[in-house]
Every structure is written in structure tokens, then in C-alpha cells.
Amino acid sequence: MKWLTFVLALVAGTVLLAAAPVAQAAPCMIVTLTGTMGGPPEFNGLAGPGTLVRYGDDANNCSAVKMQFDAGRGTVMRLSQLNVPPAQVNAVFFTHMHSDHTDGFADLMQLRWHFNSKGPKVDVVCSADTASILGFTISCQKFVAHLADAYIHSGEIAQRLSEDKSRLAGGPADLIHLVTFEATNEPQVVWTSGDVKVSAIRSTHMAGHASYRVDTPAGSVVIGGDAGNDTLAPPRTSSTSDEVEKLAQGADIIVHSTIHPIMAPDKGSGMFPQGYYRQSAASDLGAMAKRAGAKHLMLTHLIPPVGAERQGPWKIPGGALTEADYRTAAQEGGFTGNIIVGTDLASVRLPAK
Ligand SMILES: [Zn+2]
């Protein structure tokens, strides 16, 4: 009997010990824009599009899980400003295979292979191969498999292997654990880690485009990517994606690529119509964020960037835009929550500190 009491006391003690830290540490999430450049052109040192979502608790500065959504030009540089080395990223999600969203990824993986080849592997989550009606196939799987081919062909991978034979023989691609999904018009869970759940939905921009939602006990964020409406040109009720709106219902934060209505084909920018119409306009994003009930709208991938005199080769009718121009456009859509006109490293923490 005494023995049983002792065992019960031991079990109770263990349960208390295990439960105690959980009760003390409040869950939190930080969403940071790692790059806000709108599209392939370069401007004023802005990094290419990407969003880092960190989740954890007060004790680890919300950083137990680190998820990178898209990895445009300069992603590693922005992550370095956040003290997040490539080895700490748990998963990379791609919205689509346009180079402005992907061309910082080889940098990240080359570094990870160079210094952390023993692992763990990084999960790369993206759409399965998608054939376009235009006759080509978009393949994240091939992009990943051939990520470091240039470094293999230059001889660098062999040279570095000769210096450290514990590195993976196939180069950076060997450090990737690929997770693909068939993107559909309903949200599906594509990745989980502890309390964190990531869902994806198909959206329109180019073949294979997907948008994501991260749900955590601290809150939720939707990363729309470059999604636009399934109806590719007016007449239509909105330039935003119905699928993203479905995904975003009740989400705390919406991060979304943005085009300013001043770039519309009838206003004289000279931008090719398809390039304009396949993005979501700032005013329509404000309306969507309101309908979805979001608290924060983070505008990123701004076309054109604030202060730019041109968007690549195209004019900006009326001259460079200001932060207020974007804010006003989003407010015209009816959104009364917190609007962040994205700059590199802009962040939202849930709950606010
Ligand atoms: Zn883009």
C-alpha cells in the first residue's frame, strides 16, 4: 500500500513538473516581411518577396518553429538581420515558381549544405507539377532537384566535398525533404509541427500557384502570395482571389502582394495588361480583409515600390507613390484594421507586446 502511494506521488509529481513550464510560457507568433520588392525588377536594396513566420512562447522569443514563405532575392541577408541562420529554418513554402519568389533559395540551401550538411533536412512545401493550358509544366519538384546544378557543374560542390567528406554528396538538393500537394479549391493541411498547422489552397496567378494559412495557438496568418482573381480581367467583382478569401476567414493577419490601381492599363503605365490583372489591387485587398474579418493587413510585393520613379521598364503615372497612397487605397476598400505598407523587416507580433 505504501509502495503504491509512493508511485502515485511520483507520477503526480512528474505530471506537475511537466505541466508547469507550459502554464508559465505564453504562446506567441511573429510575422516578418523578409522582402517586399514587387516583382522581378530591383529597387533601392529591397529584398525579393518572402515572409518569415515564427511561433513559440515568451521563453524562446516566439522562435521554436520557423517557417519561410517564398525566398526572393536577398532572403538570407534579411534573415541574418533577424539572427536566423539558414540552419534554423524548419520549412520553406513556395507560393509559385516565379524567380522573384525563389531566387534567394539557392543561397539559403548552399549555406545550409556548406555549414550544416549533417542535417536536419529542411522541408520544402509546394504544389505538385502543374501543366498549363499554354503547353508548359510548372515543376517545383524539378526546381528543387536542380537547385544547385550550377554549383555542381562549376566544380564547386566536388571541391568542397574534397575538403569535407561529411557533406552530402549530391550537394544542397540532398538536404531538402520535398513535400508536394495537389492544390485544390478547398483548404488542405499540408504541414504540421506541434501546435502549428499550415493549410494551402489553389489560387490564380500562374500554374501551380498556392496560398497558405498558418494556424497557431497565438493566432493565424494568411500568405496570399501573388494571388489574383480567377477571372483574369474585368468585368469582375474584385481583383482578389475567392480562394484566398475563403482561406482567410477569421484570420488575424493577411500578408498579400499588392498592385496600386494607378498601374491599371487604362491609366498610362504601359504595363502589359496580364501583368496588372493577375495581381490583387490594394483597394480590393482592403475590401477582402474587411470581409474576412482580419485585424492586420500587411501589404507586400508592392507594385510599384514606395518612392520608385519606375516599375522596371514601366512608368508610374503621376510619379512615385507614397506610403499614404497605399494606405488610402486599402482604406478605400473599407478596411479599418491595422494596415502595414510593407518595408523589409516589418513585423507583427501576436499577441502584441
Ligand atoms: Zn511576384
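Residues numbered from 1 in each chain as written. Predicted model: local features only at pLDDT ≥ 70, side-chain atom pairs only at ≥ 80, totals over all residues.

### Here's the deal with the overall build of the chain
For step 1, the next point in the chain: Regarding its fold elements, the chain presents eleven helices and 18 strands.
For step 2, the next point in the chain: Relative to a compact globule of 353 residues, whose C-alpha radius of gyration would be 20 Å, the chain shows 22 Å and is just as compact.
For step 3, the next point in the chain: Based on the C-alpha atoms only, the size of the chain along its principal axes is roughly 85 × 55 × 35 Å. (Helix = DSSP H or I, 4+ residues; strand = E, 2+ residues; numbered from the N terminus. Rg over C-alpha atoms; globule rule 2.2 N^0.38 Å.)

### Some points on the sheet that holds strand 3 (residues 65–69)
For step 1, the next point in the chain: One open sheet holds the seven strands; their spatial order is 8-5-4-3-2-1-18, and the pairing between them is mixed. In this open sheet, the two edge strands, each paired with only one partner strand, are strand 8 (176–181) and strand 18 (347–350). Direction aside, the axes of adjacent strands within the sheet are offset by 20° on average. (Pairing = 2+ DSSP bridges. Axes fitted to C-alpha atoms, helices over the stretch in contact; angles between N-to-C directions.)

### A word on helix 10 (residues 282–292)
For step 1, the next point in the chain: Of all eleven residues making up helix 10, nine are buried, and the element is well covered by its neighbours.
For step 2, the next point in the chain: Packing partners of the buried residues in helix 10 comprise helix 8 (242–247), strand 13 (253–259), strand 14 (296–303) and helix 11 (323–332). (Buried ≥ 20, exposed ≤ 12 C-beta atoms within 10 Å, placed from the backbone. Contact = placed C-beta atoms within 7 Å.)

### Things to note about the environment of Thr300
For step 1, the next point in the chain: Mapped onto the secondary structure, Thr300 falls in strand 14.
For step 2, the next point in the chain: The exposure class of Thr300 is buried, given the 27 C-beta atoms found within 10 Å.
For step 3, the next point in the chain: Taking the C-alpha atoms as reference points, Thr300 and Thr51, 249 residues apart in sequence, are found 9.3 Å from one another.
For step 4, the next point in the chain: Ignoring anything within four residues of it in the chain, the contact list for Thr300 reads Leu33, Thr36, Pro49, Val255, His256, Ser257, Thr258 and Gly342.

### Digging into the sheet that holds strand 12 (residues 219–223)
For step 1, the next point in the chain: Ordered by their spatial adjacency, seven strands build an open sheet running 9-10-11-12-13-14-17, and the pairing between neighbours is mixed. Among the strands making up the open sheet, the edge pair consists of strand 9 (188–193) and strand 17 (338–341). Ignoring strand direction, the axes of neighbouring strands in this sheet form an average angle of 20°.
For step 2, the next point in the chain: Where strand 9 and strand 10 (residues 196–202) come together, five bridges link them in antiparallel fashion. Bridging from a neighbouring strand, Gln188 pairs with Ala200 of strand 10.

### Quick word on the pairing of strand 5 (residues 122–127)
For step 1, the next point in the chain: Most of strand 5 sits out of view: five of its six residues are buried.
For step 2, the next point in the chain: In terms of strand pairing, strand 4 (residues 91–93) meets strand 5 through three bridges, oriented parallel. Along strand 5, the bridge assignment pairs Val92 with Val124.
For step 3, the next point in the chain: In this sheet, strand 8 lies alongside strand 5 in parallel orientation, the contact comprising six bridges. Looking across to strand 8, one finds that Val125 is bridged to Val179.

### Focus: the confidence of the model for the chain
For step 1, the next point in the chain: Counting all residues, the mean pLDDT for the chain is 94, and 93% of those residues have values of 70 or more.
For step 2, the next point in the chain: In the predicted structure, residues 14–22 sits below a pLDDT of 50 and forms zero contacts with residues beyond four places in sequence or in another chain. (pLDDT = per-residue confidence, 0-100.)

### Things to note about helix 11
For step 1, the next point in the chain: Burial in helix 11 covers these residues: Tyr326, Ala329 and Ala330. Down the axis, helix 11 shows its buried residues gathered within 95° of arc, on one side only.
For step 2, the next point in the chain: Gly334 sits one or two residues past helix 11 and shows a positive phi near 105°. (Arc of directions from axis to C-beta.)

### Thoughts on the pairing of strand 12
For step 1, the next point in the chain: Within strand 12, five of the five residues are buried, which leaves it mostly tucked inside the rest of the structure.
For step 2, the next point in the chain: The side-chain alternation of strand 12 yields two buried faces, one formed by Gly219, Val221 and Ile223 and the other by Ser220 and Val222.
For step 3, the next point in the chain: Relative to strand 12, strand 11 (residues 210–216) is paired through five bridges, and the arrangement is antiparallel. Directly across from Arg213, in strand 12, lies its bridge partner Val222.
For step 4, the next point in the chain: The hairpin formed by strand 11 and strand 12 contains two residues between the paired strands.
For step 5, the next point in the chain: Pairing of strand 12 with strand 13, which is carried by three bridges, proceeds in the parallel orientation. Following the sheet pairing, Val221 is matched in strand 13 by Ile253.

### Comments concerning the environment of Leu297
For step 1, the next point in the chain: Its location among the elements puts Leu297 in strand 14.
For step 2, the next point in the chain: Given 27 C-beta atoms within a 10 Å radius, Leu297 is considered buried.
For step 3, the next point in the chain: Put simply, Leu297 and Gly337 are 40 residues apart on the chain and 7.3 Å apart in space, counted from C-alpha to C-alpha.

### Concerning the packing of helix 10 against helix 11
For step 1, the next point in the chain: For the pair helix 10 and helix 11, the least separation of the axes is 6 Å and the interaxial angle reads 50°. The angle between the axes of helix 10 and helix 11 places the two elements in the oblique class. The element helix 10 and its partner helix 11 pack so that their crossing is right-handed. When helix 10 is examined against helix 11, the residues Ala282, Ser283, Leu285 and Gly286 are found in contact with a partner set consisting of Tyr326, Ala329, Ala330, Gln331 and Glu332.
For step 2, the next point in the chain: Considering only residue class, the contact of helix 10 with helix 11 consists of five nonpolar, three polar and one charged. (Parallel < 35°, antiparallel > 145°, perpendicular 65-115°, else oblique. Left-handed = near helix turned anticlockwise from the far one by under 90°. Nonpolar A, V, L, I, M, F, W, Y, C, P; charged D, E, K, R; others polar.)

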